[in-house]
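What the coordinates show
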Amino acid sequence: MGVNQRREIVMSDEEVTRLLEQQRVATLATINSSGRPHLVAMWYAVIDGVVWFETKAKSQKAANLRRDPRVTVMVEGGHTYDALRGVALDGDATIVDDPDALWAVGVNIWERYNGPYSEEVRPLVELMLKKRVAVRVDVERVRSWDHRKLGLDPLPLGGTTAAFL
């Protein structure tokens, strides 16, 4: 009888949190007006364990969320099969027009991708947030995988795409 590898690679809550804190890019899936997924790569904030985005108020993803709040957010890492890991968060996204929430998201994103926030960079964060809204992801289901738990021998990075990493 085969081993259920799915159970072996599930991440703990702490591992999911660590992955979300360490990775830089999320793929956000919303549903467009035709019912097809609309996928975009996004920088994101993690505030008190909650994933947030900021986006232009009139963006396609914001329009999609106003019509249908269902989302999936995927964050992943690893360049070889033995090192693949990731998390997919299914839930509903809420557009939050509150300026304080947007500011907190903007500062968190600034610090994650640029460095410490200070009053010197305030004008840059203000510019980054112009005509934007905050988006909070309320997670209903978490799916995770960490192939490092399989104990496979490390695989060499190869193939036609390796030169670009």
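Worth saying up front: this structure is predicted, and the values here are computed from it rather than measured.

**Let's talk about the sheet that holds strand E5 (residues 70–77)**
With antiparallel pairing, the seven strands of this open sheet are ordered in space as E2-E1-E5-E6-E7-E4-E3. With one partner strand each, in any of the chains shown, strand E2 (37–42) and strand E3 (45–47) form the two edges of the open sheet. Direction aside, neighbouring strands of the sheet carry axes that sit 30° apart on average. Here six bridges tie strand E1 (residues 26–31) to E2, and the two strands are oriented antiparallel to one another. The residue of E2 that forms the bridge with Leu28 is Val40. Its contacts with the sheet put helix H4 (residues 99–113) on E3, strand E4 (50–56), strand E6 (85–96) and strand E7 (132–146), and the angle it makes with E3 is roughly 115°.

**Comments concerning a positive patch on the surface**
Taken together, Lys56, Lys58, Lys130 and Lys131 make up a surface patch of like positive charges. Here Lys56 lies in strand E4.

**Overview of the side chain of Glu54**
When you line up the elements, Glu54 lands in strand E4. One polar contact links Glu54 to Arg132, side chain to side chain, over a distance of 3.0 Å. When near neighbours in sequence (up to four residues on either side) are disregarded, Glu54 contacts Met42, Leu102, Val105, Ile109, Met128, Leu129, Arg132 and Val133.

**Examining the pairing of E6**
Among the 12 residues that make up E6, nine are buried, leaving the element largely enclosed by the rest of the structure. Relative to E6, E5 runs antiparallel, the two being bridged by eight bridges. Across the sheet, residue Arg70 finds its bridge partner in E6, namely Asp92. Where E6 and E7 come together, 12 bridges link them in antiparallel fashion. Looking at E7, one finds that Leu89 is bridged to Val142.

**A few points about the layout of surface pockets**
What the largest pocket holds in volume is close to 250 Å³. Forming the boundary of the largest pocket are 17 residues, of which Val16, Thr17, Leu20, Leu89 and Val142 lie nearest the centre. Among the elements that take part in the lining of the largest pocket, E7 stands out by supplying five residues, more than any other. Residue classes in the lining of the largest pocket are distributed as 11 nonpolar, three polar and three charged.

**Quick word on the pattern of salt bridges**
Evaluated as defined, the whole model comprises nine salt bridges. With a closest N to O distance of 2.8 Å, Glu15 and Lys149 form a salt bridge. Of this pair, Glu15 sits in helix H2 (residues 13–22) while Lys149 sits in the segment after E7, placing them 134 residues apart in sequence. For the salt bridge of Arg70 with Asp68, the shortest nitrogen-to-oxygen distance reads 2.7 Å.

The rules behind these values
Residues numbered from 1 in each chain as written. Predicted model: local features only at pLDDT ≥ 70, side-chain atom pairs only at ≥ 80, totals over all residues. Heavy atoms only, no water. Pairing = 2+ DSSP bridges. Helix = DSSP H or I, 4+ residues; strand = E, 2+ residues; numbered from the N terminus. Axes fitted to C-alpha atoms, helices over the stretch in contact; angles between N-to-C directions. Contact = heavy atoms within 4.5 Å. Patch = residues over 30% accessible without salt bridge, like charges linked within 9 Å, V, L, I, M, F, W, Y side chains within 5 Å. Areas by Shrake-Rupley, 256 points an atom, 1.4 Å probe, with all protein chains shown as cover. Salt bridge = Lys/Arg side-chain N within 4 Å of Asp/Glu carboxyl O. Lys, Arg positive; Asp, Glu negative; His and termini not counted. Charge placed at Lys NZ, Arg CZ, Asp CG, Glu CD. Polar contact = N/O pair within 3.5 Å; in protein donor to acceptor, adjacent residues only side chain to side chain. Buried < 20%, exposed > 50% of the residue type's maximum accessible area, 1.4 Å probe, protein only. 1 Å grid on protein atoms, 1.4 Å probe; cavity = no way out; pocket = protein on both sides within 12 Å on 5 of 7 lines; lining within 4 Å. Points joined across faces, edges and corners; volume = space filled by probe spheres on them. Nonpolar A, V, L, I, M, F, W, Y, C, P; charged D, E, K, R; others polar.

In short, shape yes, function no, at least from these values alone.
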